[in-house]
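Fold and geometry: a report
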Amino acid sequence: MKFLAVLAVVSVVIATPVALYDNQLPLGDDLPSEYPGFDLDLSAPRLVQLEGHKDPVMMTELEKLKAKAQDIRFFDVTETPDLGSRAHLKRAVKRSYPAPSHYKSVRAVIETLEIQNLRDTLDKFTRFRTRYYRSVSGKMSQLWLLHKIQELTKEFAPRSLQHSISVKEFPHTWIQSSIILTINGTSTEDDGVVIISSHLDSINGKSPYLPAPGADDDGSGCMSILEAYRALIAAGWQPERTVEFHWYSAEEGGLLGSQAVASDYESRDINVVAMSQYDMTAFVKRGTPERVGVVTDYTDPDLTQFNKDLIDLYLDIPWVDTECGFACSDHGSWHKAGYPSIDTIESKFMEANRQYGHTENDRYDISDEFSFEHMFEFSKLAVAFAVELGGWSMAS
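In this text, all values refer to a predicted model and were calculated from it rather than measured experimentally.

Reading the values: rules and limits
Residues numbered from 1 in each chain as written. Predicted model: local features only at pLDDT ≥ 70, side-chain atom pairs only at ≥ 80, totals over all residues. Heavy atoms only, no water. Pairing = 2+ DSSP bridges. Helix = DSSP H or I, 4+ residues; strand = E, 2+ residues; numbered from the N terminus. Axes fitted to C-alpha atoms, helices over the stretch in contact; angles between N-to-C directions. Contact = heavy atoms within 4.5 Å. Disulfide = S-S within 2.5 Å. Buried < 20%, exposed > 50% of the residue type's maximum accessible area, 1.4 Å probe, protein only. Right-handed = clockwise from strand over helix to strand, strands pointing away. Salt bridge = Lys/Arg side-chain N within 4 Å of Asp/Glu carboxyl O. Left-handed = near helix turned anticlockwise from the far one by under 90°. Nonpolar A, V, L, I, M, F, W, Y, C, P; charged D, E, K, R; others polar. pLDDT = per-residue confidence, 0-100. Polar contact = N/O pair within 3.5 Å; in protein donor to acceptor, adjacent residues only side chain to side chain.

Turning next to the sheet that holds strand 9 (residues 271-278). Strand order in the open sheet formed by eight strands is 4-5-8-6-9-12-10-11, and the pairing between neighbours is mixed. Looking at which strands have only one partner, the edges of the open sheet turn out to be strand 4 (165-170) and strand 11 (319-322). Sheet twist, expressed as the average angle between the axes of neighbouring strands with direction ignored, equals 20°. Taken together, the six bridges between strand 4 and strand 5 (residues 178-183) define a ladder with antiparallel strand orientation. Residue Lys168 lies in a different strand from strand 5, and its bridge partner there is Ile180. The sheet contacts of helix 9 (residues 215-234) involve strand 4, strand 5, strand 6 (192-199), strand 8 (242-248) and strand 9, and relative to strand 6 the element is tilted by about 140°.

So, about the environment of Leu143. Mapped onto the secondary structure, Leu143 falls in helix 7 (residues 136-156). The spacing of Leu143 and Thr186 is 43 residues in sequence and 29 Å in space, taken between C-alpha atoms.

This part takes up the state of the cysteines. By the definition in use, this model includes one disulfide. Across the disulfide from Cys324 sits Cys328; the S-S distance is 1.8 Å. Exposure remark for Cys324: the relative accessible area of 6% places this residue in the buried category. Residue class for Cys328 comes out buried when judged on its relative accessible area of 12%. This cysteine, Cys222, is not joined by any disulfide, and Cys328 carries the nearest cysteine sulfur, 15 Å off. Looking at Cys222, the relative accessible area reads 0%, which means it is buried.

Our next topic: the pairing of strand 10 (residues 292-295). Here strand 10 shows no split at all, with Val292 and Val294 on one side and Gly293 and Val295 on the other all buried. The pairing of strand 10 with strand 11 spans four bridges and is classified as parallel. Within strand 11, the residue paired with Gly293 across the bridge is Val320. Running through helix 11 (residues 301-314), the crossover from strand 10 to the neighbouring parallel element strand 11 is right-handed. Strand direction decides the pairing type here: strand 10 and strand 12 (residues 341-345), joined by two bridges, are antiparallel. Looking at the pairing, Val294 lines up with Thr344 of strand 12.

The next thing to look at is the pattern of salt bridges. Enumeration over the complete set of coordinates arrives at 24 salt bridges. In this structure, Arg268 and Asp264 form a salt bridge, with 2.8 Å as the shortest nitrogen-oxygen distance. A relative accessible area of 24% means that Asp264 is categorised as partly exposed. Overlapping salt bridges bring together Arg46, Glu61, Lys64, Asp76 and Arg134 as one network.

Here helix 5 (residues 103-110) crosses helix 13 (residues 372-390) at 145°, and the two axes come no closer than 10 Å. Crossing geometry of helix 5 relative to helix 13 is assigned as right-handed. Only Phe376, Lys380, Val383, Ala384, Val387 and Glu388 of helix 13 make contact with helix 5, whose side of the interface consists of Tyr103, Val106, Val109 and Ile110. Among the residues making up the contact of helix 5 with helix 13, the classes are represented as eight nonpolar, no polar and two charged.

With respect to topology, three strands assemble into an open sheet ordered 2-1-3, the strand pairing being antiparallel. Across the chains shown, the open sheet's two edge strands, defined by having one partner strand only, are strand 2 (57-60) and strand 3 (74-76). Adjacent strand axes in the sheet meet at a mean angle of 45°, parallel and antiparallel pairs treated alike.

Another aspect to go through is the confidence of the model for the protein chain. Of all residues in the protein chain, 92% attain a pLDDT of 70 or more, and the chain-wide mean is 92. Taken element by element, the protein chain is modelled with least confidence in helix 2 (residues 18-22), mean pLDDT 35, and with most confidence in strand 8, mean pLDDT 99. Throughout residues 1-25 the model reports pLDDT below 50, and contacts reaching past four residues in sequence, or to other chains, amount to 39 contacts.

Another aspect to go through is the side chain of Arg46. Here Arg46 shows up in strand 1 (residues 45-50). In terms of polar contacts, Arg46 uses its side chain to reach the side chain of Asp76, at 2.9 Å. Apart from the residues within four sequence positions on either side, Arg46 is in contact with Val57, Met58, Met59, Glu61, Lys64, Asp76, Thr78, Glu79, Arg134 and Leu256.

In structure tokens:
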């Protein structure tokens, strides 16, 4: 579906009285089964892998939403029950990561990153009432991002590099797609793929029908890696090893989008050598030091150490170890599949944006604790990760 074609669909939603949308709907059994602009069956059965449970259990969509509101972590495995069935084979292959060796090239790109770009793109991305994955506005937000990526590629990538870049929607059984951007590597011998990712959906914990601008969760991560991509292609960078940027749908629904993508890669034996998730990159809690949270559980220890080395070398703030828990973010899907994956967040987990996340107040203008300068540090890290693991070639 093309970006402009959806405008006609969205007009139906816009015509609905605003008051209907803004009713404070509690997350209870009386939640409406139908709502304008949403395709959500609250009674639909789902197969869910809950934190602390060995076997998946059957739950309804409503029960899933209640679990999410109680901060219970889970994978919704309804469509990917076999993900990770061959994980032991991947884990048997020991990966090693080189010491950083592209200092001058990385620094040169970092110097071209612009905080104003983070402000401008996040402002647009948070104007959608919600980015919930089963809503029309969630689809519109995804199409806006797809269009923006295509626009940046056309504007900043040299013509010769554009032939090596592809941007596509990864469709799902729900309305909002994931986005996969591929920059083909120049090597004819290295079939490895490096993935840098975030999730593009948002949710209001009180009700999926309520506003969810999702500025920090995870608009911040989405825009941090988008700006990294812009700066890289503007520098004429083409990797030797293929590098991909992913924006996943339905993370808030139980890591649905990333599981679907990981399952697809698993079925095709794609050689993913490293995957790095950016989920919430903007919040610096008042009274706490500004740091990068490096998640140490459900992640690859060697890739995690490599990530710390990049922070030490390229960022202006230090890292701190933190734990995020089971099915914490989309890296969990790749970890489940046996691929080396890591997660980097805005701070120690308990100091992250828990006050405004999953509410109508997850906005960039609600508190001075929201920092575009902090987001900027994560853009720098994404640049370093792409170049140090992807290598460096100049587009001819």
